[in-house]
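Commentary on secondary and tertiary structure
Residues per chain, in single letters:
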Amino acid sequence: MPQQLRVYVTPAIVLRQRKLGDADKILTLYTATFGKVDAVVKGVRKTKSRMAGHVEPLTQANFQLAKGKTLDIVTQVETIEPFQALRGDLERMSRALYACELLDKFTETHEPNFELYRLLLDTLSRLATRDHFEVAVRFYEMALLDAMGYRPELEECVTCRKRLTAITNYWTAAGGGVVCASCRTDETAVRPISANAVKLLRLLLHGRFSDAARVTIDAGLNAELERALLEYVRWVLERDVRSTAFIDTLRKRRPSRARTMAAAGDAPA
Ligand SMILES: [Zn+2]
């Protein structure tokens, strides 16, 4: 039976790929127009495939996709930017793959968000071209957290809400920001955070990338920022996973709850 295929075209960045059967691959794309999309690219692992060179992770390409029953199918692809400079340098490549993985983990499929697409694209470009590229990763982590609704508290203590002073305070991932010395408890997983680090986190949050890039960040300060942001990213993702599990548990219980509600609704009639 002939099947009506709906075809769409969009620029996208390949976040990751995995094998399917003997010759195919499933790509996870972050598209400019439709958000995250999983799509099959057929025959791509055969030596003669013309698409093979265009679908590697980190590639920005123009994709033509056909709506499939479960997964969409790549019908044409043409590279826009291969980011060759990232592939030739393991340090840069590892940061770029980390950026892709974060976007994949933070987002659901089919939720359009051009800002996130733009953010990843800018980050890959910075990682490919800048001498000091760590700041690009820190800026990306902060922007992503903020965009996903997890803006860390950097102005007031998360517990007593007093304005933070420019001394060593404490970072709490579970508390979502900075806690002051008097509110720090032994039970909370906290680590000291310097006044300089807090200042830079504020700049990453409120400034433009060019502002953050102008600051000289030594290795010690970068390590401090990296630990704090990664700890928070991990905490958020773990919480997301747990909240997904919670939703699933509720979903399983829903039939009985729906029956109860239906019965309650029927009763007065
Ligand atoms: Zn406090």
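That block above? That's the structure.
In this report, the structure presented in the accompanying data block is examined. A quick note: this is a predicted structure, and the numbers were derived from the prediction, not measured.

**Some remarks on the overall build of the chain**
Tallying secondary structure elements over the chain gives seven helices and eight strands in all. Taken across its 269 residues, the chain has 30% of its residues classed as buried.

**Some words on the sheet that holds strand 5 (residues 72-81)**
Pairing is mixed in the closed barrel, where five strands are placed in the order 1-2-3-5-4. Here the strands of the sheet are splayed against their neighbours by 50 degrees on average, with no regard to which way each runs. Lying on the sheet, helix 2 (residues 90-106) is in contact with strand 1 (7-20) and strand 2 (24-31); it crosses strand 1 at an angle near 105 degrees. Relative to strand 2, helix 3 (residues 114-129) is tilted by about 105 degrees, and along the sheet it contacts strand 1, strand 2 and strand 4 (60-66).

**Considering helix 3**
Relative to the 22 Å expected for 16 residues at 1.5 Å per residue, helix 3 spans 23 Å between its end C-alpha atoms, a close match to the ideal helical length. Every buried residue of helix 3 is listed here: Leu-116, Tyr-117, Leu-119, Leu-120, Thr-123, Leu-124, Arg-126, Leu-127 and Ala-128. Contacts from the buried residues of helix 3 go to strand 1, strand 2, helix 1 (84-87), helix 2 and helix 4 (134-147).

**Details of the sheet that holds strand 7 (residues 177-179)**
Spatially, three strands are ordered 7-6-8 in an open sheet, and the strand pairing comes out antiparallel. In this open sheet, the two edge strands, each paired with only one partner strand, are strand 7 and strand 8 (191-193). Strand-to-strand twist across the sheet, computed as the mean angle between neighbouring axes with direction ignored, equals 50 degrees. The pairing of strand 6 (residues 169-172) with strand 8 spans three bridges and is antiparallel. Each residue of the ladder has a partner; that of Tyr-170, found in strand 8, is Pro-192.

**Quick word on the environment of Phe-139**
With respect to the secondary-structure elements, Phe-139 resides in helix 4. With 23 C-beta atoms packed within 10 Å, Phe-139 lands in the buried category. Residues Phe-139 and Thr-123 lie 16 residues apart in sequence; the distance between their C-alpha atoms is 8.5 Å. In this structure Phe-139 touches Leu-204, Phe-209 and Ala-212, once residues within four positions along its chain are discounted.

**Regarding the pairing of strand 6**
Across three bridges, strand 6 lies against strand 7 in antiparallel orientation. Following the sheet pairing, Thr-172 is matched in strand 7 by Gly-177. Here strand 6 folds back onto strand 7, and the loop between the two strands holds four residues, one of which, Gly-176, carries a positive phi near 80 degrees.

**Concerning the nonpolar core**
In terms of nonpolar packing, the biggest core is built from 62 residues, with Leu-29, Tyr-30, Ala-99, Leu-103, Leu-120, Leu-124 and Val-178 touching the most fellow members. Counting only domains with at least three residues in this core, you end up with domain 1 (7-119) and domain 2 (130-247). Each residue touching Ala-99, except ones within four places of it in the same chain, is listed here: Leu-120, Thr-123, Leu-124, Val-137 and Tyr-140.

**Overview of unusual backbone geometry**
Positive phi, close to 85 degrees, is recorded for Leu-58, a residue that is not glycine. C-beta crowding within 10 Å serves as the criterion here: with 24 such atoms nearby, Leu-58 is assigned to the buried category. One non-glycine residue, Phe-83, lies in the positive phi region at around 50 degrees. Tracing the sequence through the fold places Phe-83 in the loop between strand 5 and helix 1.

**A word on the pairing of strand 5**
The pairing of strand 3 (residues 35-41) with strand 5 spans two bridges and is classified as parallel. In the strand pairing of strand 5, Val-40 is matched with Ile-73. Pairing analysis gives seven bridges linking strand 4 to strand 5, with the strands arranged antiparallel. Within strand 5, the position partnered with Leu-65 by the bridge is Val-74. Counted along the chain from strand 4 to the antiparallel partner strand 5, the turn is five residues long.

**Thoughts on the environment of Arg-138**
Relative to the elements of secondary structure, Arg-138 occurs in helix 4. Assessed through the 21 C-beta atoms surrounding it within 10 Å, Arg-138 is described here as buried. Between the C-alpha atoms of Arg-138 and Leu-201, which are 63 residues apart in sequence, the distance is 8.7 Å. Setting aside anything within four residues of it in sequence, one finds Arg-138 in contact with Leu-204, Leu-225, Glu-226 and Leu-229.

Rules used throughout
Residues numbered from 1 in each chain as written. Predicted model: local features only at pLDDT ≥ 70, side-chain atom pairs only at ≥ 80, totals over all residues. Helix = DSSP H or I, 4+ residues; strand = E, 2+ residues; numbered from the N terminus. Buried ≥ 20, exposed ≤ 12 C-beta atoms within 10 Å, placed from the backbone. Pairing = 2+ DSSP bridges. Axes fitted to C-alpha atoms, helices over the stretch in contact; angles between N-to-C directions. Contact = placed C-beta atoms within 7 Å. Expected span 1.5 Å × (residues − 1). Core = buried A, V, L, I, M, F, W, Y, C linked by C-beta atoms within 7 Å. Domains from an automatic or database assignment.

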